[in-house]
Structures are given as C-alpha cells and as structure tokens.
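# Summary of structural features
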Amino acid sequence: RENMKYCLLLLFLFATTAPLRAAALVEGRIYLKNGSVVECTGDDRLQLPQKSGKLKIFRDAFRKTKTKDVLPAGDIDSVICWHAKTPEHVRKLVWASDPGWMWVYVETPHIRACIYSKKGYCVDTNGGMLVRQRSGWFSSSRVAYFLQKHDESEFQNIGSTYRRSKDVFRERIARYIDDDPELAERIRRSNAYRDKTILMLRDYDPTKY
C-alpha cells in the first residue's frame, strides 16, 4: 500500500481513504482569460476543482479569518498548482466546456494530452498528481485521455485510462496525428501501456512535413 502513495498516474484510490498527506487544497496561480493572475500562496489556498465546477479560493485558509472567493471556470485560462511542501513540482489544469477540468499530462508547442477525472484530483507531498476514484477497486468513475492540437480549440476524447493499449486506442491517436505519419506509424506498432503511449506524443511535430 505504501508504494501506491507514490504513484504519479492512475492511482486508483479509495475515495474515502486517500493518503492523508495528499491535498485537494494547494498553492498556485490562476491565469484568467483577461490576462490577470490570481496568486494563492502563503496562507492562501485554492481547491482543485471537479467536473465543470467553479474554482474556490480560500484566503487565510487555516485561520478564523478565512474567506472564500469563487471564480467561474469559463473565466480561467489555466491553473498552475503545487503542494506547499514541494513547490518545485508544478502541475497544470485547464478547463473545457466538454468534458470539464483536466490535468495536463503532456504539453508541447504542437499538442497537449490531458486527463479528465470525474471525481477530481489531489496532490501528494512528493508532487505527484493523484486521480481520485469512487470507493472500490473496480470503479466506474470516468477517467479519460483528451488530446488538443495547438491550432484547435476542441479536445478529442481518445479513450479511458486503462492498463494496456489496444489497437483501437492506438488507432484513434494515430488518426488524430496523421499529419506526422512517422510518429503515427510508431504508435500503431507500439504495445505499451496507455500512459507510455501518450508520452510518445512528445515527439509529435507536423512541421517536419
């Protein structure tokens, strides 16, 4: 069980028994679409949002003087966050009308791959992002990968975050990046777990052709 606490991806937690040191209240910066930045550091915290919910900010989060601000998800460009004990490990969240709040797992100048978790996220003290699940090992909570090219506004759902890639999962990715035929073919031939397949998108570069 101890090893599970350090898993950075697809950690299937008991929702009611998540590691106590993992936090849903984190430090961070909120980048708004109007160009302004909201800081949440020191005694302030932001609550990692779920689904398409609003973002909550708690000022003086650990004092009797605590206050709460709420920002609509549609006003936010992105959220950069970290556990207060490991500020060197920074995570990024973005929001889309479909499906909602997503953790940015891979991002390059050409593409980004995100993970949507219906039950939300928390951050471990070691900086790892933990995906929440419903109570029980075999959960029906939705956790899925979404891709977005840099010149597109919509996200493409390519499937759930399951253990082993299947041909249909790899084919969805390959079709989406068919403007980089070399990488598309490498992905079709791969036999890695899904998270490793997604990491191959770091090499995606349509400008080579």
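Structural data are supplied above this passage.
Read on for an overview of the structure.

Conventions and cut-offs
- Residues numbered from 1 in each chain as written.
- Predicted model: local features only at pLDDT ≥ 70, side-chain atom pairs only at ≥ 80, totals over all residues.
- Heavy atoms only, no water.
- Helix = DSSP H or I, 4+ residues; strand = E, 2+ residues; numbered from the N terminus.
- Buried < 20%, exposed > 50% of the residue type's maximum accessible area, 1.4 Å probe, protein only.
- Contact = heavy atoms within 4.5 Å.
- Areas by Shrake-Rupley, 256 points an atom, 1.4 Å probe, with all protein chains shown as cover.
- Salt bridge = Lys/Arg side-chain N within 4 Å of Asp/Glu carboxyl O.
- Polar contact = N/O pair within 3.5 Å; in protein donor to acceptor, adjacent residues only side chain to side chain.
- Axes fitted to C-alpha atoms, helices over the stretch in contact; angles between N-to-C directions.
- Parallel < 35°, antiparallel > 145°, perpendicular 65-115°, else oblique.
- Nonpolar A, V, L, I, M, F, W, Y, C, P; charged D, E, K, R; others polar.
- Phe/Tyr/Trp six-rings, centres within 6.5 Å; stacked < 30°, edge-to-face > 60°.
- Core = buried A, V, L, I, M, F, W, Y, C linked by side-chain atoms within 4.5 Å.
- Pairing = 2+ DSSP bridges.

## Here we look at the overall build of the chain
Check the secondary structure of the chain and you find three helices and 13 strands. With 209 residues in all, the chain has 46% of them scored as buried. Once local pairs closer than 6 in sequence are excluded, the contacts in the chain between residues at least 24 apart make up 51%. Approximately 11,100 Å² of the chain is accessible, and the part contributed by carbon and sulfur atoms is 48%.

## Brief notes about unusual backbone geometry
Negative phi characterises most residues that are not glycine, and trans characterises most peptide bonds. With an omega of 15°, the peptide bond running from Asp98 to Pro99 counts as cis. Mapped onto the secondary structure, Pro99 falls in the loop between β7 (91-95) and β8 (101-107). Notably, Lys51 is not glycine yet its phi reads approximately 50°, a positive angle.

## Here we look at the pattern of salt bridges
A full pass over the atoms with the stated rule returns 15 salt bridges. Residues Glu39 and Arg29 are paired through a salt bridge, measuring 3.1 Å at the closest nitrogen-oxygen approach. Taken together, the residues span a long stretch of sequence, with Glu39 in strand β2 (residues 37-40) and Arg29 in strand β1 (residues 25-32) at a distance of 10 residues. Put simply, Asp69 and Arg59 hold a salt bridge, and the shortest N to O gap is 3.8 Å. In this pair, Asp69 sits in strand β5 (residues 67-71) while Arg59 sits in strand β4 (residues 55-59), placing the two residues 10 residues apart along the sequence. Among the charged side chains, a network of salt bridges with common partners joins Asp43, Asp60 and Arg63.

## Concerning the environment of Asp179
Mapped onto the secondary structure, Asp179 falls in the loop between α1 (167-176) and α2 (181-189). C-alpha of Asp179 to C-alpha of Lys208: the two residues are 29 residues apart in sequence and 9.3 Å apart in space. Those residues in contact with Asp179 that sit more than four places away from it in its chain are Lys149, Tyr204, Pro206 and Tyr209. Looking at Asp179, its side chain comes within polar contact range of the side chain of Lys149, at 3.4 Å.

## Focus on the packing of α1 against α2
Packing of α1 against α2 brings their axes to within 9 Å, and their N-to-C directions diverge by 180°. Classified by the angle their axes make, α1 and α2 are roughly antiparallel. On α2, the residues touching Arg170, Glu171, Ile173, Ala174 and Arg175 of α1 are Ala184, Ile187 and Arg188. Here the residues of the contact of α1 with α2 are counted per class, giving four nonpolar, no polar and four charged.

## Examining the packing of aromatic side chains
For the structure on display, the rule yields three aromatic pairs. Relative to Tyr105, the ring of Trp103 lies with its centre 5.6 Å away and its plane at 75°, an arrangement referred to as edge-to-face. Each ring, one from Tyr145 and one from Phe169, has its centre 6.1 Å from the other, and the planes form 50°; the classification is tilted. In this pair, Tyr145 is assigned in strand β12 (residues 143-149) and Phe169 in helix α1, connecting sequence segments 24 residues apart. Judged on exposure class, the residue Tyr145 and its partner Phe169 are both buried.

## Notes on the side chain of Asp180
As for its position among the elements, Asp180 is in the loop between α1 and α2. Classification of Asp180 by relative accessible area gives buried; the value is 0%.

## Topic: the nonpolar core
Judged by nonpolar contacts, the single largest core of 42 residues is most densely connected at Ile30, Val79, Ile173, Ile177, Ile198 and Leu201. Here this core takes four residues from α1, the largest share from any one element. Val79 has contacts with Arg29, Ile30, Leu46, Leu55, Arg91, Lys92, Leu93 and Trp101, leaving out every residue within four places of it along the chain.

## Some details on the pairing of strand β13 (residues 156-160)
For a regular strand, the rule is simple: side chains alternate between the two faces of the sheet. Direction of pairing for β12 relative to β13: antiparallel, over a ladder of four bridges. By the bridge assignment for β13, Ala144 is matched with Ser160. Hairpin connection from β12 to β13: six residues lie between these consecutive antiparallel strands.

## Some points on the environment of Leu25
Structurally, Leu25 can be placed in strand β1. Along the sequence, Leu25 and Ala84 sit 59 residues apart, while their C-alpha atoms lie 9.3 Å from each other. Setting aside residues up to four positions removed in sequence, Leu25 forms contacts with Arg45, Leu46, Gln47 and Phe58.

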